[in-house]
Amino acid sequence: MVENFGPGAVDRMGFTWERIQEINPRIVYASIKGFGEGPYTNFKAYEVVAQAMGGSMSTTGFEDGPPLATGAQIGDSGTGIHAVAGILAALFQRENTGRGSASTRPCSTPC
């Protein structure tokens, strides 16, 4: 199960990790969020927010103008690659333990 809803949305729908494990203890659950613990924990994030907060926008644009988003969607694609790596690790763990796992800890920086 992979979700990218706003912070707390899945829990509000009644699907806490505990409830998901009751339904299927072998499930692998990946939750993708833009911010980790800290002042922005409950904020939503998307590509341009990730680029601005991560600093990549400071490397683009024009000398006499504001920063610009990069043409490449580095936040979204990087997040996807890391999510897949975590899911594959969880699937490997499940094969060895018989139990699923959850990756609900958000990234520590915008992603």
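This text follows the structure it describes.
Here the structure is a predicted model, which means the values were calculated and not measured.

**Focus on the overall build of the protein chain**
Right, on to step 1. The helix and strand inventory of the protein chain stands at four helices and three strands.
Right, on to step 2. At 17 Å, the protein chain has a C-alpha radius of gyration far larger than the 13 Å of a compact globule built from 111 residues.
Right, on to step 3. Seen along its three principal axes, the alpha-carbon backbone of the protein chain occupies a region of about 55 × 30 × 20 Å.
Right, on to step 4. When burial is assessed residue by residue, the protein chain has 25% of its 111 residues classed as buried.
Right, on to step 5. Sequence separation of 24 or more characterises 65% of the internal contacts of the protein chain that already satisfy a separation of 6 or more.
Right, on to step 6. Total accessible area computed for the protein chain in this model is approximately 7400 Å², and 59% of it derives from carbon and sulfur atoms.

**Things to note about the environment of Met57**
Right, on to step 1. Assignment of secondary structure puts Met57 in the loop between α3 (47-54) and α4 (74-97).
Right, on to step 2. Since its relative accessible area comes to 13%, Met57 is described here as buried.
Right, on to step 3. For the pair formed by Met57 and Ala69, sequence separation is twelve residues and the distance between their alpha carbons is 5.3 Å.
Right, on to step 4. Discounting chain neighbours no more than four positions away, the residues touching Met57 are Val48, Gln51, Ala52, Pro67, Leu68 and Ala69.

Rules of the game
- Residues numbered from 1 in each chain as written.
- Predicted model: local features only at pLDDT ≥ 70, side-chain atom pairs only at ≥ 80, totals over all residues.
- Heavy atoms only, no water.
- Helix = DSSP H or I, 4+ residues; strand = E, 2+ residues; numbered from the N terminus.
- Rg over C-alpha atoms; globule rule 2.2 N^0.38 Å.
- Buried < 20%, exposed > 50% of the residue type's maximum accessible area, 1.4 Å probe, protein only.
- Contact = heavy atoms within 4.5 Å.
- Areas by Shrake-Rupley, 256 points an atom, 1.4 Å probe, with all protein chains shown as cover.

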